[in-house]
Every structure is written in C-alpha cells, then in structure tokens.
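Now for the letters of each chain:
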Number of protein chains: 2
Amino acid sequence: MAKTAKTTREPAAAAKKAAHPVSPLAPKAFPKLPPLAGVRLGTVAAGVRYRQRTDVLLALLAPGTQVAGVFTTSKTASAPVLWCRDKLKGAKNGETSARVLVVNSGNANAFTGQAGLEGVKAIAAEAAAVAGCRPAEVFLASTGVIGEPLPDHKITKVLAAVAADSAAGNWRAAADAIMTTDTYPKAATATARIDGVKVTINGIAKGSGMIAPDMATMLSFVFTDAAIPSAVLQECLAAGVGPSFNAITVDSDTSTSDTLLLFATGKGGRHDAVTKASDARLRDFRKALDAVLLDLALQVVRDGEGAQKLIRIDVTGAESDAAAKRIGLTIANSPLVKTAVAGNDANWGRIVMAVGKSGEAADRDRLKIAFGGHVVAEKGMRAAGYNEKTATKAVSGREVQIAVDIGLGKGAARVWTCDLTHGYIDINGSYRS
Amino acid sequence: MAKTAKTTREPAAAAKKAAHPVSPLAPKAFPKLPPLAGVRLGTVAAGVRYRQRTDVLLALLAPGTQVAGVFTTSKTASAPVLWCRDKLKGAKNGETSARVLVVNSGNANAFTGQAGLEGVKAIAAEAAAVAGCRPAEVFLASTGVIGEPLPDHKITKVLAAVAADSAAGNWRAAADAIMTTDTYPKAATATARIDGVKVTINGIAKGSGMIAPDMATMLSFVFTDAAIPSAVLQECLAAGVGPSFNAITVDSDTSTSDTLLLFATGKGGRHDAVTKASDARLRDFRKALDAVLLDLALQVVRDGEGAQKLIRIDVTGAESDAAAKRIGLTIANSPLVKTAVAGNDANWGRIVMAVGKSGEAADRDRLKIAFGGHVVAEKGMRAAGYNEKTATKAVSGREVQIAVDIGLGKGAARVWTCDLTHGYIDINGSYRS
C-alpha cells in the first residue's frame, strides 16, 4: 500500500533540508522529550507537495484520550479546521474522544471547496479504519499553500503503513514532518504533579510566517498522559493561549489553518478525577502547560521568516489589559519599528508613532519608553538621560526588550515579535510557500 | 540674516539628490504648474538636518486667503499639527485667514515636548513679522525624524531672506524642499470653472513611508485662486480626502505629522460668492479638486519606499462601503500579499487569507477574486478557468489590479498600495530617516 512512501522513524533532519538557513535565534538543541504513555507517532514522506521531505504525521492515541482545541478566527478557515471544530462541538458530558491525529504539510487544504471537505472525510475514514475507531475520533490539520486541491489519496494510501511503523518517542520526526518554511523543528516538554502523581506534557509546533493572533499562524499539538476530561482541558487551553500563542506576531497576517490541539491520554500515573479547571490540584499542571505553550510560541517567533532578533514588548499603564495588548501588538506589527530594530537603530520615534496609531488612549506627556531598561523618552520628549550609545546597544543584540508605559492606568500586556529583514522578502517574494 | 543659507529659485533637482534611485513608478516628468495669483513661493537650504538640500519652504499668501485642513488621527501628533488644528478652530463666520505657510523637512518636530511648541511659536512669530500678519495666520508643517529637538533658530533666521527671494511659479522648488525619503517631487494641477470663471488648482505633496490612512503619512499643500470661504473649503476637502489620501497605504504605519492644507487666495478671475459646498456652481471645482488630490495621493504610493509596483484593489459586494474599505486595506497592508506581488507570484490564497482576517463578514463560497480581470478563485475554490500563466502575467507588470467580490452586499471601495521589496528594508533598516 505504501510502496511509494518512505516511512521514517529516526530523526529526519537530513531528509528535511530547510530551504533557508536555520534561524540564528533557534534553540541550541532539540529538547529531549520522553515517550508519553498512550501516544505513538509515525511519519512519512508522502509527496503531498515537497520531495524527499516527511510531510505526514500520524499520532495514534490510546482509547479514552480526551481532546481540546483552539483555532484560527479567520472567516475563510480551512477544511480541517472546520472538521475539528465540528467534532469538538459534539462533546458528551464534557468529554470528546480522540484516537488519531493526522497532519500534513505542503498543502493547507484551505479554499478548496467541496473537494477539500471530501478530502478531509476520506482521510478521516481511512485513519479510523486503520486505528479501529469512529471517523469522529480522528482530528486533522493541514499546513502549506492555500487554494491548491489536496491530493488526499497520497495521504490515505500511506496511513496503514505509517501506523504499522509508529512508535512511542518519535517526537523529533513528528516535529520535522509538520514543518513548512520553518528552519528548525519545535518541541517542548514539562512535568507536573496532579495530586502528587507525576504527569508529563509534550508539545510540538510549526510556524514561521503568516503569524498573528488570534491565533498565530501555526499548528501545535500538545499531549499529556494526565487524565483530564475535554471540558477541563478546553478551559486550561483557552486560558493558556492568551499570553502565549495569542501574544506573538511575525507579520500581522492571520492564517486560515491555525490549529492548537491538546490531547490527554490518561495513561500515565493514576490520579483522582479532576472535573473543574479551577481545582487547586490542577495548579501545577496548568503552570507546566502554560510554560510549554509559551516555549512553543516563542520558538515560532524565533523562527519568524527572516528573523534575526527576538523582540519583547512590555506595555504597562494602559487603560486596560486589552488596551495594553492592542498597543503592544500595534508596535509589534509596525514595519517601521521592525525594520528599525533590524538595522540596530534605536528609533524610539517609531514607537511613539505606533502608540499614537493604536487607537487606544494615550497622552504624549505621560508616555515613557525604554530600550533594554534605558529610558529613551518621557515627559513628551527625549529623556534627559538619553544616551545614543546605550540605546543603540540595547537594540543591537539578538534579544531586544522594549518597555512602554502609557501612564494612564493599570493595564499591562507582554507580546513578542521579530525584526523585519531582507530574509522575509526573500522567503515570501521569491516562491510560493 | 541668511548668510549661511542659500536660497533657491530654480528647480533644485541637482541640489536635492535622493539617497535612493528614483522609483520606477514615478511620472515621466514634473507637471507644468502655472503661477497662481496670490501665492509666492521661496525655498532655502537651512541645514535643519540634511546637507546641501533645500529643506524649508515659505509660501506667502495674499491677504484674504482662506484655509482648510485635515490632519493625522495619531494620538501623538506633532507640534505643528496641534498648532494648525488650533488655528482652524478659531474660524469666524466660517472664515479662517492664512497669510503664510512654513514647511520644513528633516525634522518632524514631533514628541519634542514644550520645546517643540516653543519652536512652532518662534517660527510663527518670525513668519508673521516677515509677512506683516498675525501669528495665527501662519500655518506650519514639519516632516522628518521624530523626537529630535527642532533647531528652530535655523529656520527663523532664514525666513526674511527667503521671503525676499520668493516668487510666483516656484512649484518645482517647493515640491523639492519638502521631500524626505521621497525619490521624486510630487505635484499636480487642474483648472475648473466656477460660474463660468476659470480657476486653477495647484498642489504639491511629499510622502513615501509611514503611509497609512487616516491619513497617509504625508504633507500636501493645495492652492487655488478661487474665492471660497474656509467652511466651504473644509467640506470639499473632507469629502475629497476619502477616496484619495485616505485610500492609500504603503506600510500601514500612521504618521504623527500628516497634514493636508487647502488654501484659496481669491485672487483669480472674479466670481460670485459661494457659501455652500453643495452649491451646483462648485461641482466642476470639486471634481477638479478631487482629481488633484487623487493624483497626488497616487504619486505618494508610486513613491512608496522600495515600491516597484502600484497595486489597485477593488472590493465590491461587501456589506457596506466601510466594510469594503476595511477589507481592501487589510489586503493592501498584508505583508504576504505585498511580497507575493513583488515576486510576480499570483498567490491568490493570500488574498483569501487577508479577506478572512479583516474582521468583516465574508463567505468562502461567495468570494470571487480576479487578477487583472482574470478570475482566479470563486465558489470556494480555484476558478475552473484558472490559468497560471495568465494569472502570473497579471501580477508581473508595473501596475497590478486585484478585484475581490465578497458576494454579500453592495458595499464597494477602491484602495491603492505598493509591493513590499528589499528596497523597503534597505531604506528603513539601514539609517534613521
């Protein structure tokens, strides 16, 4: 059945050559993710679009696995997003079962009309047959070019073989298989205790361009061996996504395909049932989940197309947290701010401009701006202690911190972006990604 | 008084070398603007920031000149913007008198605190003394770097000399003197009839980056010899700016300094008084004014930083005109759309993405997208008659037309932008403009 496809169990770094140099902001090494009880992973080079790159990920999940998800807010969402949303709506007593995850890279199956939906159905049917479950227990995601018909037969015909080949602990191969313009695979892990019982959280992500809340353009799949029902998972996920994936932007463009799924297999150490997200016994788990989500989100920004610098923007003193976030994202999305940082230019005037255009309340004379802790502007003008050398140094490193105090209230937010460089133009202006 | 300053009467092309090559989208030649009764122009290289470039424009206006203006919506507007707004508020019986316009390039006098306001006052006082009028009849504009203290003494000390040197017909020199990162001077002219009497409209503009509604980041000064009171001028201007300067974007960034002033000297052919903008006798004048505003606005887009292509986006079938405009601007501001066009890539999937993220109502299956008249997507998928060669050709020229029909209502809008190229990064990432 899978004669034309080559399954992969080992790290696929060599097989998955990135078209662009690895981001200088990439983590030093791929993290060590332990196997996770109830999750088996398999990948394959199915030739959906790329050649000699793994492009299909299959995750087999133990019976009883619960799932939660958040998706793009786009009005032109992809067929797999519509499918997943629909399945999550069908929760019974707060539980939604998931048995298989199928992800392909190279084609987003977005704006592909009825054929796109038929493709999703065909893949779900084949995956269900392979795993011995209902199609409604199959979750799907696709990433890649928009508007091209998905060659779903290339995927369906390899599923049985890749399932047979799947194993625990294939995290690196899984992270590789979902990459598109990513220059490195992304993963994060953490452990936590629920009622004294150790549980593990493993996550992978892909994303590099078309990244903006809500959500950042990306796929991310997070797995835990804890036993938590869907409704509780959903609450934890919705809260965790705010300061992580919904606080990053690369280029202000919102994808049709953003998908973040959280699976809980319940096959780790046994712990008592948890039925409320507010349960104090979940505190440690939620903290660990938040850390994994933030880690993955920042890896996406660090791989922003053409990124040479990671920029953190802290906004304080706004009228509300929402206002602070809007101001922060306005700064983070400003091409003029991003190009200035790219050029090591402490051009704080462009921060003033961005605050001014955000639409939120601002008062020129209360505004305070600092680069790397060095106050560059306050009281309606350049700061008395302004030092060009210090300011320039603060924007010249790989990580840049911009702090803006609006001086009007107590609203605060932190967002991240990257600089805008020639690399972005190269990647997006030279071929169809 | 102006010993260090060199006044300029002749076209200053040689003296005002642009730092970047002239945009390939520039008009073939600077238009021939006739002298305008009641307007004398003078320019000078005052050394505000640039060297060996004219950077101050003085316009002397006949007694009785009326003025109207529209300005940036930024919450951190520059000192000259605050000054002009304040003076326009002081209209008596719908009339506001203007006798002098002083413009400098190289420094925006924005976020310069109390010193910035003092600088504006000092320049207005000196200009008033030179022209023999009240400071309230002096209008000012500044463009250039934000946050640097304005060396207003460099301007005040040259005003008498440049006034003495001013003359009718210095339009090219005037357009040169207000340039910053512009690669060519911008001007437009038209004639119209009011009650059978011929009147002339001459306008100049500058702008290239930090261009987004409302308003595009730019300065523009339009003059007519018609006799029209301020209140009527204001109504004509406010209406004319919607489909012109408020329908263009280069980089989505809103300036702190955007200023569009319209002056009417009343020194042309005599015509009866017009007291309402809706007066049918103004129809021809308003049409000509709209044409001048659109011509100038498009010249700004054509000089968008790094621009290699002019992109026109027509949105139809939206729920309202406002919705259509928002969708159009979302497409126009999308870095992924702009880089695709730069790369001659008919990547209509990115148009789908932009429509989806605009926040306005959209229905995937009713959406229709065409490049240069060639329908590329409809009915929720790639169009049946899609032809890659035709589509690619449509996005490969200097002028690209994108049409998007939302299929939901009768709202329509037309907006313009330019592509996003390496030139934009070069200009904004390599020095403080």
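Residues numbered from 1 in each chain as written. Chains lettered and ligands numbered in written order. Predicted model: local features only at pLDDT ≥ 70, side-chain atom pairs only at ≥ 80, totals over all residues. Heavy atoms only, no water.

Moving on to the overall build of chain A. A count of helices and strands for chain A gives 12 helices and 16 strands. For 433 residues, the compact-globule formula gives about 22 Å, and the C-alpha radius of gyration of chain A, at 22 Å, lands near that figure. The dimensions of chain A, computed from C-alpha atoms along their principal axes, are 70 × 50 × 40 Å. In chain A, which comprises 433 residues, the share counted as buried stands at 63%. Sequence separation of 24 or more characterises 82% of the internal contacts of chain A that already satisfy a separation of 6 or more. Of the roughly 15,200 Å² that chain A leaves accessible, carbon and sulfur atoms contribute 51%. (Helix = DSSP H or I, 4+ residues; strand = E, 2+ residues; numbered from the N terminus. Rg over C-alpha atoms; globule rule 2.2 N^0.38 Å. Buried < 20%, exposed > 50% of the residue type's maximum accessible area, 1.4 Å probe, protein only. Contact = heavy atoms within 4.5 Å. Areas by Shrake-Rupley, 256 points an atom, 1.4 Å probe, with all protein chains shown as cover.)

Right, let's talk about the pattern of salt bridges for a bit. Residue and element names in this part refer to chain B. Applying the stated criterion across every chain yields a total of 28 salt bridges over all chains. Here R172 ties to D176 by a salt bridge, and the two come within 3.2 Å at their closest N and O atoms. On the criterion of helical spacing, the pair formed by R172 and D176 is a turn pair, its members being 4 residues apart in helix α5 (residues 171-177). Owing to a relative accessible area of 23%, R172 belongs among the partly exposed residues under this scheme. Classification of D176 by relative accessible area gives buried; the value is 2%. (Salt bridge = Lys/Arg side-chain N within 4 Å of Asp/Glu carboxyl O.)

As a further point, take the pairing of strand β10 (residues 259-264) of chain B. Residue and element names in this part refer to chain B. Most of β10 sits inside the fold, with 6 of its 6 residues counted as buried. Residues T259, L261 and F263 of β10 are buried on one face, and the alternating residues L260, L262 and A264, pointing to the opposite face, are buried as well. As paired elements, strand β4 (residues 66-71) and β10 share 6 bridges and run antiparallel to each other. Looking at the pairing, V70 lines up with L260 of β10. Here strand β9 (residues 219-224) pairs with β10 via 6 bridges, running parallel. Bridged to T224 within β10 is A264. (Pairing = 2+ DSSP bridges.)

By a simple turn and slide, chain B fits onto chain A: the slide is 0.0 Å along the axis, the RMSD is 0.0 Å, and the turn is 180°. The relationship between the two copies is best expressed as a two-fold rotation axis. Across chain B, the smallest distance between a C-alpha and the rotation axis is recorded for B:H422, namely 2.9 Å. Taken together, the interface assignments show that 100% of the residues at the interface of chain B recur at the interface of chain A, consistent with an identical surface on both copies. (Least-squares fit on C-alpha atoms with pLDDT ≥ 70 in both.)

Quick look at the packing of aromatic side chains now. Within the structure shown, the criterion is met by 8 aromatic pairs over all chains. Summarising the aromatic geometry, the rings of A:W348 and B:F111 are spaced 5.6 Å apart at their centres and angled 65° between planes, so their arrangement reads as edge-to-face. One end of the pair, A:W348, is in the loop between α9 (335-342) and α10 (349-357); the other, B:F111, is in the loop between β5 (100-107) and α2 (113-131), on a second chain. Ring pairing ties together the aromatic residues A:F139, A:W171, A:F223 and A:F263, which thus form one cluster. Above the face of the A:W83 ring, A:K87 is positioned so that its terminal group lies 4.1 Å from the ring centre. (Phe/Tyr/Trp six-rings, centres within 6.5 Å; stacked < 30°, edge-to-face > 60°. Lys NZ or Arg CZ within 6 Å of the ring centre and 35° of its normal.)

Spatial ordering of the open sheet is given by β14-β13-β12-β15-β11-β16 (chain A), a layout of 6 strands whose pairing is mixed. Of all strands in the sheet, those with a lone pairing partner are β14 (381-382) and β16 (411-418) of chain A, marking the two edges.

Right, let's get into the interface of chain B and chain A. The interface of chain B with chain A comprises 59 residues on the first partner and 59 residues on the second. Run the count over chain B and chain A and you get 11 residue pairs in polar contact (both at pLDDT 80 or more). Those elements that place two or more of their residues in the side of chain B that touches chain A are α9 (335-342), α10 (349-357), β14 (381-382) and α12 (422-429) of chain B. Along the lines of polarity and charge, the residues of the side of chain B that touches chain A split into 22 nonpolar, 23 polar and 14 charged. (Polar contact = N/O pair within 3.5 Å; in protein donor to acceptor, adjacent residues only side chain to side chain. Nonpolar A, V, L, I, M, F, W, Y, C, P; charged D, E, K, R; others polar.)

For chain A, per-residue confidence averages 89 on the pLDDT scale, and 92% of positions sit at 70 or higher. In the predicted assembly, ipTM is 0.78 and pTM is 0.83. (pLDDT = per-residue confidence, 0-100.)

Residues and elements named next belong to chain A. Spatial strand order, β4-β10-β9-β8-β7: 5 strands in an open sheet with mixed pairing. Each having just a single partner strand, β4 (66-71) and β7 (186-194) make up the two edges of the open sheet. Taken over all neighbouring pairs, the strand axes of this sheet differ in orientation by 15° on average, direction set aside. Helix α1 (residues 79-89) rests against β4 and β10 (259-264) of the sheet, and its axis sits at about 130° to β4. The strands touched by helix α6 (residues 230-241) are β4 and β10; relative to β4, the strand with the most contacts, the crossing angle is about 35°. (Axes fitted to C-alpha atoms, helices over the stretch in contact; angles between N-to-C directions.)

Turning to its location among the elements, B:V56 is positioned in strand β3 (residues 56-61). Considered as a pair, B:V56 and B:V102 are 46 residues apart in the sequence and their alpha carbons are 7.1 Å apart.

Once that is clear, we can look at the environment of A:N93. Residue and element names in this part refer to chain A. Locating N93 in the fold gives a position in the loop between α1 and β5 (100-107). For N93, a relative accessible area of 81% translates into the label exposed. Sequence-wise, N93 and A231 are 138 residues apart; in three dimensions their C-alpha atoms are separated by 8.5 Å.

Glancing now at the pairing of β4(B). Among the 6 residues in β4(B), 6 count as buried, and that is most of the element. Here β4(B) shows no split at all, with B:Q66, B:A68 and B:V70 on one side and B:V67, B:G69 and B:F71 on the other all buried.

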